[in-house]
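# Tertiary structure, described
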Amino acid sequence: MCEEQKKKYIQNKKCITPETILAFISVFVMWGGYYADNRHIFGDSMIFTFIWGIGVVAGLNVCFPAWWIVIKKGEGFAGMGITLKNIGPALIFSAALGAIRFNDLYTASKGIEFKNILPVLIFNLLSIWEVCFLFSWLFTRYKNAFGKWAAALLTVVSVCIYHIGSLPLRQLLTLMAYVFLCALCFAVTENIFTLWPVYWVVGCSASVIRAYGSEEFGWDMTAVMGIVLFIQLAFLFYIFRRQQSRHK
């Protein structure tokens, strides 16, 4: 094997790296937070709410991945799937995925007044953190290590792990099936608009209402998520400006 072939082999070789280990660790951090939040282990503790909302939801799921991928790794926002590349297929997949879950949302919402469903819809519209965690962070890091089709499977395993103890088995299996479908579509486009906002609003709202009803996510929770989103967007803007300054 000539020197050039050796270099090409090393570049294309898939293997576990420190960032893969970071991705694995972040899944178990998410499990701990999800479990504590859903089981109300800390009750109404404001300290836990702050750590969960700012530290985990904003920091672990969006801010740290953005810094790692865009700044440290130099992959740009495209490395997170935040790109206009493949936007056409992404929007087609988005419409198809939303249509698949719309009937589920309609069925789950029967007998519930729209005024009680609206905050759930807006809550999931504002919730960029989970789609970023699953696909901008976990999927892309798994893809770098194992390839995109293995990444789709590992993303499903990851969402299963951090929902253990928070969802009944039947709902967990259903969630895994939908995430697998989403992961396959994302593997094709590698564009976050495949999943957000259309699918995330429709699909996640259907899942939330089926699991918890509409009372769990009122306007107070929606307002909190709005604050968390503002923090996330402010940090993403900071990362964008820092990236731009590097290119000057």
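Right, let's walk through the structure included here. Quick caveat: nothing in here was measured; it's all calculated off a predicted structure. (Residues numbered from 1 in each chain as written. Predicted model: local features only at pLDDT ≥ 70, side-chain atom pairs only at ≥ 80, totals over all residues. Heavy atoms only, no water.)

Attention now moves to the overall build of the chain. Helix and strand content of the chain: 10 helices and zero strands. When the helices and strands of the chain are placed in sequence order, the string is α-α-α-α-α-α-α-α-α-α. Restricting to contacts in the chain with at least 6 residues of sequence separation, those with at least 24 account for 82%. With the model as given, the accessible surface of the chain reaches about 13100 Å², and the carbon-plus-sulfur share is 68%. (Helix = DSSP H or I, 4+ residues; strand = E, 2+ residues; numbered from the N terminus. Contact = heavy atoms within 4.5 Å. Areas by Shrake-Rupley, 256 points an atom, 1.4 Å probe, with all protein chains shown as cover.)

Turning our attention to the packing of aromatic side chains. Throughout the structure, instances matching the rule amount to 11 aromatic pairs. For the ring pair Trp 67 and Trp 68, a centre distance of 6.1 Å and an interplane angle of 65° mean the geometry is edge-to-face. For Trp 68, a relative accessible area of 10% corresponds to the buried category. Feature note: the residues Phe 64, Trp 67, Trp 68 and Trp 137 constitute an aromatic cluster, connected by ring pairs. The ring of Trp 68 has Lys 72 sitting right over it, with the charged end atom 5.3 Å from the ring centre. Geometry around Tyr 178 places Arg 101 over its ring, the cationic atom sitting 3.7 Å from the centre. (Phe/Tyr/Trp six-rings, centres within 6.5 Å; stacked < 30°, edge-to-face > 60°. Buried < 20%, exposed > 50% of the residue type's maximum accessible area, 1.4 Å probe, protein only. Lys NZ or Arg CZ within 6 Å of the ring centre and 35° of its normal.)

Moving on to helix 10 (residues 219-246). Compared with the 40 Å implied by 1.5 Å per residue over 28 residues, the 40 Å span of helix 10 between its first and last C-alpha is a close match. Within the sequence span of helix 10, burial applies to Thr 222, Met 225, Val 228, Leu 229, Gln 232, Leu 236, Ile 239 and Gln 243. (Expected span 1.5 Å × (residues − 1).)

Here we come to the environment of Leu 22. In this fold, Leu 22 is placed in helix 2 (residues 18-38). Between the C-alpha atom of Leu 22 and that of Leu 138, which follows or precedes it by 116 residues, the distance is 9.4 Å. Ignoring sequence-local partners within four residues, the contact set of Leu 22 consists of Phe 64, Trp 68 and Trp 137.

Moving on: the side chain of Asn 61. With respect to the helices, strands and loops of the structure, Asn 61 is situated in helix 3 (residues 46-72). Residues in contact with Asn 61, not counting those within four places in the same chain, are Met 30, Val 56, Trp 129, Cys 132 and Phe 133.

With that settled, consider the pattern of salt bridges. For the coordinates displayed, the defined rule picks out six salt bridges. With its nearest N and O atoms 3.1 Å apart, the salt bridge here joins Arg 141 to Glu 19. Here the residue Arg 141 occupies a position in helix 6 (residues 128-146), and Glu 19 occupies one in helix 2, the gap between them amounting to 122 residues. Here the two residues Arg 141 and Glu 19 agree in accessibility, since each one is buried. Linked through salt bridges whose partners overlap, the residues forming this network are Glu 19, Glu 75 and Arg 141. (Salt bridge = Lys/Arg side-chain N within 4 Å of Asp/Glu carboxyl O.)

This brings us to the nonpolar core. When a protein is soluble and globular, its nonpolar side chains tend to lie buried together. The biggest cluster of nonpolar side chains holds 64 residues, and the ones touching the most others in it are Met 30, Phe 135, Leu 138, Leu 195 and Trp 200. With 11 residues, helix 6 is the largest single contributor of residues to this core. (Core = buried A, V, L, I, M, F, W, Y, C linked by side-chain atoms within 4.5 Å.)

Turning our eyes to something else, we now look at a nonpolar patch on the surface. The grouping of Ile 16, Ile 21, Ile 25, Val 29 and Phe 146 at the surface amounts to a nonpolar patch, some 420 Å² of accessible area in total. Looking at the nonpolar patch, the element that brings in the most residues is helix 2, giving three residues. You can see Ile 25 is positioned in helix 2. (Patch = residues over 30% accessible without salt bridge, like charges linked within 9 Å, V, L, I, M, F, W, Y side chains within 5 Å.)

Let us look at helix 7 (residues 148-161). The terminal C-alpha atoms of helix 7 lie 20 Å apart, and with 14 residues this matches the ideal 20 Å at 1.5 Å per residue to within 8%. When we look at burial in helix 7, the residues that qualify are Ala 151, Ala 152, Thr 155, Val 156, Ser 158, Val 159 and Cys 160. Summarising the contacts, the buried residues of helix 7 are in contact with helix 2, helix 6 and helix 8 (169-189).

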